Amino acid sequence: MIVTFNAFHLGDNLVHLHFMRACAKAYPSKEFAHYANPQHTPQLQPLVSDISNLKLLDTCPENAINAWRGADDFWYLHSERNDFTRFHCDWFAHLARKMGLDNPVCEAEEMQFDYPALAPAPGTGHSEHSVFDYLLINSIPHSGQLRSFNTQAFTLMAKQLVDRGAKVITTFPTGVCDSTHDGSNGLSVTAIGRLSTAARTIIGCVTGPSWPCMNIWNRGKRFIWMLDNERVQIMPDTKHVRTCEEALSLL
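Overview of the structure.

1. Some words on the overall build of the protein
Alright, step 1. When helices and strands are counted, the protein shows 7 helices and 10 strands.
Alright, step 2. In terms of overall dimensions, the protein is globule-like: its C-alpha atoms have a radius of gyration of 18 Å, near the 18 Å expected for 251 residues.
Alright, step 3. By its C-alpha atoms, the protein is 55 × 40 × 30 Å across when sized along the principal axes.
Alright, step 4. The buried share of the protein, taken over its 251 residues, is 52%.
Alright, step 5. Put simply, 60% of the contacts in the protein that link residues at least 6 apart link residues at least 24 apart.
Alright, step 6. Here the protein has roughly 11,400 Å² of accessible surface; of this, 49% comes from carbon and sulfur atoms.

2. Here we look at the packing of aromatic side chains
Alright, step 1. If you walk through the whole model with that rule in mind, you get 11 aromatic pairs.
Alright, step 2. Judged by centre distance (6.2 Å) and plane angle (70 degrees), the rings of Trp-68 and Tyr-76 are edge-to-face.
Alright, step 3. On the accessibility criterion, Tyr-76 (42% relative accessible area) is partly exposed.
Alright, step 4. Look at Phe-74 and Trp-91: their rings are 5.1 Å apart centre to centre, the planes differ by 55 degrees, and that puts the pair in the tilted class. One end of the pair, Phe-74, is in helix H3 (residues 74-77); the other, Trp-91, is in helix H4 (residues 84-99), and 17 residues separate them in sequence.
Alright, step 5. Relative accessible area serves as the criterion here: at 18%, Phe-74 is assigned to the buried category.
Alright, step 6. Within the aromatic cluster, the residues linked to one another by ring pairs are Phe-8, Trp-68, Trp-75 and Tyr-76.

3. Looking at the pattern of salt bridges
Alright, step 1. Applying the stated criterion across every chain yields a total of 12 salt bridges.
Alright, step 2. The shortest N-O distance in the salt bridge between Glu-109 and Arg-219 comes to 4.0 Å. Of the two residues, Glu-109 sits in the loop between H4 and strand S5 (132-137) while Arg-219 sits in the loop between strand S8 (199-205) and strand S9 (222-226), which places them 110 residues apart along the sequence.
Alright, step 3. Owing to a relative accessible area of 46%, Glu-109 belongs among the partly exposed residues under this scheme.
Alright, step 4. Among the ionic pairs, Asp-237 bridges to Lys-239, the shortest N-O distance being 3.5 Å.
Alright, step 5. Salt bridges sharing common partners tie together Arg-21, Lys-25, Asp-50 and Asp-114.

4. Section: the environment of Ala-121
Alright, step 1. Position of Ala-121 among the secondary structure elements: in the loop between H4 and S5.
Alright, step 2. Placed 110 residues apart in sequence, Ala-121 and Arg-231 show a C-alpha to C-alpha distance of 30 Å.

5. Here we look at the nonpolar core
Alright, step 1. Membership of the largest hydrophobic core comes to 55 residues, with the highest contact counts inside it found for Phe-19, Leu-135, Trp-211, Trp-225 and Val-232.
Alright, step 2. The element best represented in this core is helix H1 (residues 10-26), accounting for 9 residues.

6. Looking at helix H2 (residues 41-48)
Alright, step 1. Looking only at H2, the buried set comprises Leu-44, Leu-47 and Val-48. End-on view of H2: buried residues confined to an arc of 90 degrees, all on one side of the axis.
Alright, step 2. Each element contacted by the buried residues of H2 is listed here: H1, strand S2 (32-36) and strand S3 (54-56).

7. Structural notes on the packing of H1 against H2
Alright, step 1. The geometry of H1 relative to H2 is characterised by a closest axis approach of 10 Å and an angle of 15 degrees between their N-to-C directions. Judged by the inter-axis angle, H1 sits roughly parallel to H2. Judged by the twist between their axes, the crossing of H1 over H2 is right-handed. The segment H1 lies against H2, with Leu-10, Asn-13, Leu-14, Leu-17, His-18 and Arg-21 engaging Gln-43, Leu-44, Leu-47 and Val-48.
Alright, step 2. When the residues that make up the contact of H1 with H2 are grouped by side-chain class, the tally is 6 nonpolar, 3 polar and 1 charged.

What counts and how
Residues numbered from 1 in each chain as written. Predicted model: local features only at pLDDT ≥ 70, side-chain atom pairs only at ≥ 80, totals over all residues. Heavy atoms only, no water. Helix = DSSP H or I, 4+ residues; strand = E, 2+ residues; numbered from the N terminus. Rg over C-alpha atoms; globule rule 2.2 N^0.38 Å. Buried < 20%, exposed > 50% of the residue type's maximum accessible area, 1.4 Å probe, protein only. Contact = heavy atoms within 4.5 Å. Areas by Shrake-Rupley, 256 points an atom, 1.4 Å probe, with all protein chains shown as cover. Phe/Tyr/Trp six-rings, centres within 6.5 Å; stacked < 30°, edge-to-face > 60°. Salt bridge = Lys/Arg side-chain N within 4 Å of Asp/Glu carboxyl O. Core = buried A, V, L, I, M, F, W, Y, C linked by side-chain atoms within 4.5 Å. Arc of directions from axis to C-beta. Axes fitted to C-alpha atoms, helices over the stretch in contact; angles between N-to-C directions. Parallel < 35°, antiparallel > 145°, perpendicular 65-115°, else oblique. Left-handed = near helix turned anticlockwise from the far one by under 90°. Nonpolar A, V, L, I, M, F, W, Y, C, P; charged D, E, K, R; others polar.

This is the structure in structure tokens:
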């Protein structure tokens, strides 16, 4: 069994499990497993539920491969560390070599999430059937990717979009529109990814809930990501800005 672990955030584990899914599908005769902080297990389970030779572990074996991109200073020393796609093509190749495999994820399109739980609900999933004009990902980023993050600025942007007559839903409550966080627990990141297939435009921070939105059912949609330095060009129609004001100017 090939075992990996990642002790960091939910987003790190989502990206890695997408790679592990590709490995498991490319090598059906091999067994794969991954360990993450148990608090992430409910959010990660949908990524492995349809793959018979990939599972999540309750404990971390001593021989597990460290799947954090900063392990051995790989990310810190990489010349393309701010280009998510180019960096991860190299990072996944590095991990695959450790596993004794060929890398199955070599380009941006192959990084688009594809697990079945993200498939659109019947009657949605195309721009002409969209339920929302904008999915605004205003959840707090935890890896320093947007140091100027300001909750009030996102609330103001949501209000300006609503005032323009747009149907908006956010991932953190603003009080001016619907939110996936309403209710006792809120939607899972998979449920947010599925909801994104019913939105015309996805905009906001690249953090946990954003990753499942970059899926095969959203090809051709517009993405606007707010990042300081890194560029995440997984979806073809992606723009990058640093502030809510810059994002609004593109809409």
